[in-house]
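Spelled out, the chains give:
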Amino acid sequence: MLTQTQVAVLTRVFQKADGDNQGYVPPSVVVDLVTQVFGSAALSAGELEHVERRSASKASKAGLSFVDFTEVVNDLMGSTTRWGTLQTNLDGHVGFDSIQEQVRRKSLKRGFEFNLMVVGESGLGKSTLVNTLFKSTVSRASCTQVEHPIPKTVEVNSVSHVIEEEGVRLKLTITDTPGFGDQINNDRCWLPVLDHVNDQFERYLKEEVSVVRKKRIPDTRVHACLYFIAPTGHSLKQLDIEFMKRLDQCVNIIPVIAKADTLTLEERDAFKARICEDIQFHGMNVYPSSIVPEDDDDAEINSKIESLLPFAVVGSEKEHKRGNKSVLGRQTKWGFIEVENKAHCEFPNLRDMLIKTHMQDLIETTDKVHYENFRHTRLQRQQMGESNI
Amino acid sequence: MASATTRELEGYVGFANLPNQVFRKSVKRGFEFTLMVVGRSGLGKSTLVNSLFLTDLYCDTVYPEPPKRIPKTTEIQTSTVEMKEGGVRLRLSIVDTPGFGDVVNNGHCWEPIINYVNTQFEDYLNAESRVSRQLIKDTRIQCCLYFIAPSGHGLKPIDVECMKQLHAKVNIVPVIAKADTLTPEECARFKRAVMRDIASNHIKIYDFPDLEGEDAEEIAANKKLKESIPFAVVGSNGIIIDEKGKRCRGRKYPWGVVEVENGDHCDFTTLRNMLIRTHMQDLKDVTNDIHYENYRAQRLAEVISPSEKHELPSRNPMAQIEFEKQEHEAKMRKMEEEMEQVFAQKVMEKQQKLKESEADLKRRHDQMMVSLEKQQRELDEKRRQFEQDKTDFEAQQRKYQQEQEAIQSQQQKHGKNDKYKTHKKGIFT
């Protein structure tokens, strides 16, 4: 039911459009009216389209009546919280703005979970980069004892850490894939990786669907996959394309150019352009272009990131003294490469995106997009009686 | 052959001028060198070749559109350049291998390379065996630069496998590509790891031997240079001007400039010196004396004892080889015939001898029989004679008896008369 004020607003808008007071409005004008009511920033293009279709379907020969108009608006009100002119004004301070503090405290107590997977040939600096990202030795190669040679088949190994910063605890799981792309015949070397990702989804689904389930389902789903591209300077290798084509539906893939200190700036730009061409040509879904931005701010950030993709990174765990401070970097005979310097490499950009701005988004995309896809196909298959959970 | 004794000369003969003659002749003829670069794409092979010979053999690579980008198999591309320096002409051929190790399944990516190397040897073998061999074009690969990606860990399986296939056919010089991605410590560690892998897999790389005519100082310097194998190189297509206004080949980064020709930055100068300035002729000699000879011996051995496993494809009809083969077979056949003849002859001789001895024996046997018969006859004769005599004698005996009896009776008749007379005969009768 609509309140009186709301009805008043709608009637006003309707009558303005309905110049000759027939009581009907042509459906094509409805989109305009809706934008007037809700504000131009409130509705996405998809929703406006939806509105158009609905009004077209509801309209009779004469046009859309007021009742139908209110119905359409009612639907819209359910899907968004930005009501523009329909918003009710407050007379004082209520105090529900503290809800964000409550949420924050709750999540602080709970802690966060983030699962990162690194994929790439051996020797591309995966472990170093992960250690640099989280400023501690968190990668599998540095933590586990055994230094074993290149394995004959692709293994998938995970290590978990809990790191804490300003009272916020993060359970970080790094999954490594030693042996990927290292053999002479690398056919189907992506299969173990694919299986691992699907296994995690399976586990989550099982927990979700069980009759008595835990209060908080442990989330081991892979939230982000850093794919390391060798800095050849030419274009993507066939193995890269095969891997990305198969995994872009299950996990957020973030391609990264490894050991970028071997490319000059012009070579780097040319290489990136060719990689983007390849990605577009093969229709691969790399993060963050696969997500739909919620509003303009996000869209702006995303487009800025997209223009830099894939990030050309250099990792280093060693600190050197430059002047009076310690800087992370690589010391060579011809210069010092600062890892955190945006002019030298794009590591800071990657770190900001991965941790500072998009971590929550990565988790959400995994949950809402990839997991939903998986769930959809699984339950469909179950309905068709092929397997039982 | 008696060993030659060295003699002192009393005057100046003039053969000290021989090296000059050789030098002049070879300068006029010019030199040839064939170099092969092997490695995955994107390791800077073309750039390094450009830097090594200070020419732009490969202009900027043109990248095809995305659909055509991925190569299917390893290709072999040759390019030839003629260069002249200080009056010496060099005809340089570079063999490139695009597509090596680029696809997902690299199981047989080295086969085109092996086939190419073998084909060059085959061509040279055929050219050598021709009747008129004035203009032999030497396209054999004299040196193979194998590019190793700077992973920092060690050799990858594909590197090990490919080097194992190639080390018996070409001189392999391993090279660490794009070495500006390694810090000095990482570089040293990586070189040690690579050499360890090479040793443990028994791969024979070209070891830049000490050349004759070098003194101890040069040998020591050579030894120090050999310690930096595999060479960590950086190549550059462009000439840049660094801060001091110096022109050099290098790569410009935001954090500094890598000079290709600076011995501190990379081993490019070492590689160039050892490859071109000191060991180029030795590389050619090793290829000719060792690798080519191995190949030749193997091939000819296969021809003499034809085996079904002989699978080397030959592009030119091996007329000469066939002819020799036939000749040899004919010789074999003749030898066989001769041997058979000899054998038959011997058999006949033996038979003859046997026959003779048989005849001999028979003769003697006959002779003996004859003699025996004769003896027997004689004996018979004698016996007859004896019998005769015996009967005669008996007859005589009887006659005598008769005579005796007759005489007795006569005497008896007369007897009484003669009793006394005859009495006298016996005293006690």
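Residues numbered from 1 in each chain as written. Chains lettered and ligands numbered in written order. Predicted model: local features only at pLDDT ≥ 70, side-chain atom pairs only at ≥ 80, totals over all residues. Heavy atoms only, no water.

(A) Molecular detail of the overall build of chain B. Along the backbone of chain B there are ten helices and nine strands. For chain B, buried positions account for 35% of its 429 residues. When contacts within chain B are restricted to residue pairs at least 6 apart in sequence, those whose partners lie at least 24 apart make up 69%. Carbon and sulfur atoms make up 52% of the accessible area of chain B, which amounts to about 28900 Å² in all. (Helix = DSSP H or I, 4+ residues; strand = E, 2+ residues; numbered from the N terminus. Buried < 20%, exposed > 50% of the residue type's maximum accessible area, 1.4 Å probe, protein only. Contact = heavy atoms within 4.5 Å. Areas by Shrake-Rupley, 256 points an atom, 1.4 Å probe, with all protein chains shown as cover.)

(B) Fine view of the interface of chain A and chain B. Contacts between the two partners involve 43 residues from chain A and, on the opposite side, 40 residues from chain B. In this assembly, chain A packs against chain B so that about 3800 Å² is buried in total across both faces, 55% of it on carbon and sulfur atoms. Sorting the residues of chain A by area buried against chain B places Ile184(A), Gln238(A) and Trp334(A) first, and these three jointly supply 23% of that buried surface. Between chain A and chain B we count four salt bridges in total. Two residues, Arg251(B) and Glu267(A), come together in a salt bridge whose shortest N-O distance is 2.7 Å. Across the contact surface, chain A and chain B share 15 residue pairs in polar contact (both at pLDDT 80 or more). Of all the secondary-structure elements, those providing two or more residues to the side of chain A that touches chain B are helix 9 (238-247), helix 10 (265-282), strand 10 (325-332) and strand 11 (335-338) of chain A. Of the residues contributing to the side of chain A that touches chain B, the split by class is 14 nonpolar, 16 polar and 13 charged. (Buried area = accessible area lost by both parts, 1.4 Å probe. Salt bridge = Lys/Arg side-chain N within 4 Å of Asp/Glu carboxyl O. Polar contact = N/O pair within 3.5 Å; in protein donor to acceptor, adjacent residues only side chain to side chain. Nonpolar A, V, L, I, M, F, W, Y, C, P; charged D, E, K, R; others polar.)

(C) The packing of helix 1 (residues 4-17) of chain A against helix 4 (residues 66-79) of chain A, seen in detail. All names here are of chain A. Look at helix 1 against helix 4: their axes get within 11 Å of each other, and the N-to-C directions meet at 125 degrees. Considering the angle they form, helix 1 stands oblique to helix 4. Viewed along their axes, helix 1 and helix 4 form a crossing whose handedness is right-handed. On helix 4, the residues touching Gln 6, Val 7, Leu 10, Thr 11 and Phe 14 of helix 1 are Phe 66, Phe 69, Thr 70, Val 73 and Met 77. (Axes fitted to C-alpha atoms, helices over the stretch in contact; angles between N-to-C directions. Parallel < 35°, antiparallel > 145°, perpendicular 65-115°, else oblique. Left-handed = near helix turned anticlockwise from the far one by under 90°.)

(D) Geometry of the packing of aromatic side chains. Residue and element names in this part refer to chain A. For the coordinates displayed, the defined rule picks out eleven aromatic pairs over all chains. Relative to Phe 243, the ring of Phe 180 has its centre 5.2 Å away and its plane inclined at 75 degrees; by these criteria the two rings are edge-to-face. Linking Phe 180 in the loop between strand 5 (168-176) and helix 8 (191-209) with Phe 243 in helix 9, this pair joins segments that are 63 residues apart in sequence. Here Phe 180 and Phe 243 have matching classes, each one buried. Here the basic side chain of Arg 221 rests over the ring of Tyr 204, its NZ or CZ set 3.7 Å away from the ring centre. (Phe/Tyr/Trp six-rings, centres within 6.5 Å; stacked < 30°, edge-to-face > 60°. Lys NZ or Arg CZ within 6 Å of the ring centre and 35° of its normal.)

(E) Spatial organisation of a nonpolar patch on the surface. All names here are of chain B. A contiguous nonpolar surface patch, about 420 Å² in accessible area, is contributed by Leu 9, Val 13, Phe 15 and Leu 18. Position of Leu 18 among the secondary structure elements: in helix 1 (residues 18-29). With relative accessibility at 44%, the residue Leu 18 sits in the partly exposed group. (Patch = residues over 30% accessible without salt bridge, like charges linked within 9 Å, V, L, I, M, F, W, Y side chains within 5 Å.)

(F) Seen up close, the pattern of salt bridges. Under the defined criterion, the tally for this structure stands at 26 salt bridges over all chains. As a salt-bridge pair, Asp219(A) and Arg221(A) come within 2.8 Å of each other at their nearest N and O atoms. Its relative accessible area of 10% is what places Asp219(A) among the buried residues. Overall, Arg221(A) belongs to the buried group, its relative accessible area being 3%. When the shortest N-O distance is used, the salt bridge between Glu381(B) and Arg384(B) registers 2.7 Å. Here Glu381(B) and its partner Arg384(B) are both found in helix 9 (residues 319-413), three residues apart, which amounts to about one turn of the helix. For Glu381(B), a relative accessible area of 41% gives the class partly exposed.

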